Amino acid sequence: MTKIENNRAWWLVLPVFLMVAFNALLPLMTVVNYSVQETFGNNEFFWSGTTWFQQLLHDDQFHDSLKRQIVFTAVILAIEIPLGLAIALCMPRSGRWVSVCLVLLALPLLVPWNVVGSMWNIMALPDIGLLGKGLNALGIPYNYTRQPISAWFTVVLMDVWHWTSLVVLLCYAGLVAIPDAYYQAAKVDGAKPWAVFRYIQLPKLKHVLTIAILLRFMDSFMIYTEVIVLTGGGPGSTTKFLSIDLVQKALGGFDLGPAAAFSIVYFLIILFLSWLFYTLMMREEAK
Amino acid sequence: MALELIDITKRSGADIHIHPTSLVLPEGSFNVLLGTTLSGKTTLMQIMAGIQQPTSGIIRFRGKDVTGVAVQQRNVSMVYQQFINYPNFSVYDNIASPLKVAGMSRAEIDRRVMAAADLLRLKPMLKRRPSELSGGQQQRTAIARAIVKDSDLILLDEPLANLDYKLREELRDELPKLFAGRNAIVVYATTEPSEALLFGGNTATLHEGRVTQFGPTASTYRTPKDLQTAQVFSDPPINTAPVEKRGDRLLLFGGKSWPAGAAASRLADGRYTLGLRPHHVSPLPVSGVSGEVEGRVLVTELSGSESVIHLDVAGSTWVSLSHGIHPLEVGAQARLHADVDRALFFAPSGERVS
C-alpha cells in the first residue's frame, strides 16, 4: 500500500523536476558540453578536455574584467547598502507621505534596463545632456566617452540611481516590522538614538540586509544591459565587466568552447561568493 | 509617599482617550488596571511613566510635580505583552543593560544581575540569546530587566497575554513574590478579572477611558460602585436583567416574579437593573431565597471541575458557572436557580443601590 502512494508522489514531483530541468539543468549541461569540445563549424565537435579552462585562467583579458567586476561590485555595495539603509531610516512610518515615498522609490525599479542605459546615455552627453553639460559648465572636465574616470562615475551613478530603491524598500519593510514596544523600551532604558540603531534596528534588520546584500551582489556581478547601452564597455575596455567580456567572446568571436568555459567559471564565481557572503553573515547567528 | 494622578486627561483631536482621572498609588503597592482592549490601560500606564504626556492634569511622585518629566529622568521600568529584549545581547547583558546605562560598577552590576537571574530562575541561560529561549524565558528576561534597577515604578502591560496556559500560570504565581518587599509601585494591566483577583492588591476598573472604581481588589469585586465596574470585573460576564420591585416580589422576564430576597428588601419600589454573577446561578437548588430562570440551553462548557451553561432566556443570554459536571443537552429546556440574596441592584443611572 505504501508503495502505491510513493509512486504517486513521484508524479506530483515530476512537473517541478521538468521545469527545473528545462530551466537550469539542460542549458547548463549544454554549456558544459561546449566547454570541453572544439568546433570548426559544420556541427563537428572534437574533444578538447580542459584546454579552454586552462586558457581562460591564463587569459589577461579575463583577469582584467574580473578585477574590474570586483571593484565595481564592491563600490556599488559600499554605496547602495548604507545609502539605502539611511533613506529607509529617514522615511516616515505612517501618514500619507508613506505611499508617496514608496511610489517615488519604486519608479527606477520599473524602468526597463536598456531604457535606463539610454536615459543616462542622453543625460551624460557632454554637449547636450543635463549631467554632462552641467558638470562641464561647473568647470569639471567630464566626458564619459573619452575619460575612464567619467565613464566609471556615470556607470556607478546609474546603478545607484537604479537599484538603491530596492535596498530602501527591503530595509523599510524590515523597519516597519519592528514593534513599537522596542522603541518604547529603549526610551525607558534611556538609550540614545545611536544605541537604538545599533542594538535594536540593526540586529532586527539583519536578515533583510543579508537578502539585500546578496541580491545586489548577484545582480551587480552580472550587470550587462545598462552598461552596454551607456558605454559599450569603453572607453577602451575600462568599463568592460565580465558579462560584456563573455558576450563579446561568445557572439563577437564565435568561440563557443572558450565562451562556455568562461560561463561556467563565471557561474561558479557567483555561486561561491554568494555562499561565502551568506555563511559569513549567518555565522553570527549560530554562535 | 506615592504616585498621584490629579485630574489627568488625554485627548487627541476630538478623541478622548482618558477622561478626568485621579488616582493615588501608595509606595510598595500592587495595582491592577482591569479593562477590555482599548479601555485606556496602556495610555494610562504611559502617562504614569512619562512616555506620553497628559493633555491636562498633574502627576506627582513623592510629593514632587513630575508632569512633563521625560521617562528617562524618572526611575521607571516597563514590561510589555511582546517579549522585548535586545536581540543580539545575551540574557546576562540584557538584564545588565539598564545598569550599564546608569553607569554602575562592574561588581555591583554582576551582583544585581545574578540576584535577578536567581529570582527568575534564569541562571542556566545567562549566556544564551533571546532567540534561543522559549517565550516564557524571554519574558522572564524582560521582567528581570525591569526589576534589576530598583525602579520606583514598575509597569507591566499584559505581560502574560502572549504566553501559553502553563507558563502563564507559573509566572502568575511568581510575580507577586518578586515585588513583595520592594518599595516600588507596581502597576499591572490585564483584561482578565481572574488575574486581578489572584494578585489581590488594588484594582482600578477601566471602561472606555474612565476609571470606574479604584480600591482594594476584593472590595472592588464584592461591592462594585456601578454596573460598568461589575461588568468589567466579571468573567464570565455578569447576568443583567431589568426588574421592577413591587412589595416583596421582583417582577422580571415578562410576567415572571421572584421573591425579593435579602438584597432587595432594603430597596424602595421601582425599576432597577438586576445583576447576578454567573456563579450565583446554578443548575442545582440554592440554599437561600431562590429565583427560577428558565430557557433553552445554547452552550455548555465542561471543564474538569466546573460547568458553564449559557441559557437563552426570552431573547437574552444568561450564564451559569457551577461546580461539578452538569451535562445539559444543547437545545433542551433547562431550569436554573438564581441566588437572589446575592443579587446586585443598580439604579437606572447605573449606580449600585444594593
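Residues numbered from 1 in each chain as written. Chains lettered and ligands numbered in written order. Predicted model: local features only at pLDDT ≥ 70, side-chain atom pairs only at ≥ 80, totals over all residues. Heavy atoms only, no water.

Moving on, we get to the overall build of chain A. Of regular secondary structure, chain A possesses 13 helices and two strands. Compactness check: chain A gives a C-alpha radius of gyration of 24 Å against a globular reference of 19 Å for 287 residues, more than 25% above the reference. Expressed along its principal axes, the backbone C-alpha trace of chain A runs to roughly 80 × 75 × 35 Å. In chain A, buried positions account for 40% of the 287 residues. Restricting to contacts in chain A with at least 6 residues of sequence separation, those with at least 24 account for 67%. Accessible surface computed for chain A: about 16300 Å², of which carbon and sulfur atoms make up 71%. (Helix = DSSP H or I, 4+ residues; strand = E, 2+ residues; numbered from the N terminus. Rg over C-alpha atoms; globule rule 2.2 N^0.38 Å. Buried < 20%, exposed > 50% of the residue type's maximum accessible area, 1.4 Å probe, protein only. Contact = heavy atoms within 4.5 Å. Areas by Shrake-Rupley, 256 points an atom, 1.4 Å probe, with all protein chains shown as cover.)

What follows deals with the interface of chain B and chain A. Interface size, as often reported, equals the accessible area lost upon joining of the parts. Contacts between the two partners involve 23 residues from chain B and, on the opposite side, 18 residues from chain A. When chain B packs against chain A, close to 1700 Å² is buried across both sides, 58% of that on carbon and sulfur atoms. For the pair chain B and chain A, the number of links is one salt bridge. The salt bridge partner of Arg145(B) is Asp189(A), with a shortest N-O separation of 3.0 Å. (Buried area = accessible area lost by both parts, 1.4 Å probe. Salt bridge = Lys/Arg side-chain N within 4 Å of Asp/Glu carboxyl O.)

Looking now at the sheet that holds strand 16 (residues 290–302) of chain B. Residue and element names in this part refer to chain B. With antiparallel pairing, five strands are arranged side by side in an open sheet as 15-19-16-17-18. Each of the sheet's edge strands pairs with one partner strand only, and the pair in question is strand 15 (281–282) and strand 18 (316–323). Here strand 16 pairs with strand 17 (residues 306–313) via six bridges, running antiparallel. Across the sheet, residue valine 299 finds its bridge partner in strand 17, namely histidine 310. (Pairing = 2+ DSSP bridges.)

What follows concerns the pairing of strand 6 (residues 76–79) of chain B. Residues and elements named next belong to chain B. In strand 6, alternate side chains face the same way, and those of Val76 and Met78 on one face and Ser77 and Val79 on the other are all buried. Pairing analysis gives four bridges linking strand 6 to strand 7 (residues 153–157), with the strands arranged parallel. Each bridged residue has a counterpart across the sheet, and for methionine 78 the counterpart in strand 7 is leucine 155.

Turning our attention to the domain arrangement of chain B. All names here are of chain B. Domain annotation of chain B identifies domain 1 (2–229) and domain 2 (239–346). Placing a centre on the C-alpha atoms of domain 1 and another on those of domain 2 gives a separation of 38 Å. Listed per partner, the contact involves five residues of domain 1 and six residues of domain 2. Both sides of the domain 1 and domain 2 interface together cover about 450 Å² of buried area, and 70% of this is carbon and sulfur. The tally of links between domain 1 and domain 2 comes to zero salt bridges. (Domains from an automatic or database assignment.)

Further remarks concern the packing of helix 2 (residues 91–101) of chain B against helix 4 (residues 135–147) of chain B. All names here are of chain B. It is the contact of helix 2 with helix 4, at a shortest axis distance of 7 Å, that shows an interaxial angle of 30°. Viewed along their axes, helix 2 and helix 4 adopt a mutual orientation that is roughly parallel. Along this stretch, helix 2 crosses helix 4, giving a crossing that reads as right-handed. Of the residues in helix 4, those touching helix 2 at Val91, Asn94, Ile95, Ser97 and Pro98 are Thr141, Ala144 and Arg145. Here the contact of helix 2 with helix 4 is built from residues that sort into four nonpolar, three polar and one charged. (Axes fitted to C-alpha atoms, helices over the stretch in contact; angles between N-to-C directions. Parallel < 35°, antiparallel > 145°, perpendicular 65-115°, else oblique. Left-handed = near helix turned anticlockwise from the far one by under 90°. Nonpolar A, V, L, I, M, F, W, Y, C, P; charged D, E, K, R; others polar.)

The subject of this paragraph is the pairing of strand 12 (residues 249–252) of chain B. Residues and elements named next belong to chain B. Here strand 12 shows a buried face lined by Leu250 and Leu252 and an unburied face lined by Arg249 and Leu251. Sheet analysis places strand 11 (residues 239–246) next to strand 12, joined by three bridges and oriented antiparallel. In the sheet register, lysine 245 faces strand 12, and the bridge partner there is leucine 250. If you look at the hairpin formed by strand 11 and strand 12, you'll find two residues sitting between the two strands, and glycine 247 has a positive phi there, around 60°.

Both the distance between ring centres and the angle between the ring planes are used here to describe each pair of aromatic rings. Counted according to the given criterion, the structure contains 21 aromatic pairs over all chains. Arranged with centres 5.7 Å apart and planes meeting at 85°, the rings of Trp152(A) and Phe241(A) form a pair that is edge-to-face. Of this pair, Trp152(A) sits in helix 7 (residues 148–176) while Phe241(A) sits in the loop between helix 11 (225–230) and helix 12 (242–252), and the two are 89 residues apart along the sequence. Both residues of the pair, Trp152(A) and Phe241(A), count as buried. One aromatic cluster is present, built from ring pairs that chain together Phe62(A), Phe217(A), Phe221(A), Phe262(A), Tyr266(A) and Phe277(A). Above the face of the Tyr221(B) ring, Arg277(B) is positioned so that its terminal group lies 4.0 Å from the ring centre. (Phe/Tyr/Trp six-rings, centres within 6.5 Å; stacked < 30°, edge-to-face > 60°. Lys NZ or Arg CZ within 6 Å of the ring centre and 35° of its normal.)

All names here are of chain B. Judged by pairing direction, the sheet is antiparallel, and its four strands sit side by side in the order 2-1-4-5 without closing on themselves. This sheet does not close on itself; its edge strands, each paired only once, are strand 2 (15–26) and strand 5 (64–65). Inspection of the sheet shows strand 1 (residues 2–12) paired to strand 2 by eight bridges, in the antiparallel sense. The residue bridging arginine 11 from the neighbouring strand is isoleucine 16, located in strand 2.

Let us look at the environment of Ser354(B). All names here are of chain B. With respect to the element layout, serine 354 can be found in the segment after strand 20 (344–346). Taking the relative accessible area as the measure of exposure, serine 354 reaches 9% and is therefore buried. Separated by 91 residues in the primary sequence, serine 354 and alanine 263 have C-alpha atoms spaced 5.9 Å apart. With sequence-adjacent residues up to four places away left out, serine 354 is seen in contact with Ala263, Ala264, Arg266, Leu267, Ala343, Leu344 and Phe345. At 2.4 Å, the side chain of serine 354 forms a polar contact with the backbone oxygen of alanine 263. (Polar contact = N/O pair within 3.5 Å; in protein donor to acceptor, adjacent residues only side chain to side chain.)

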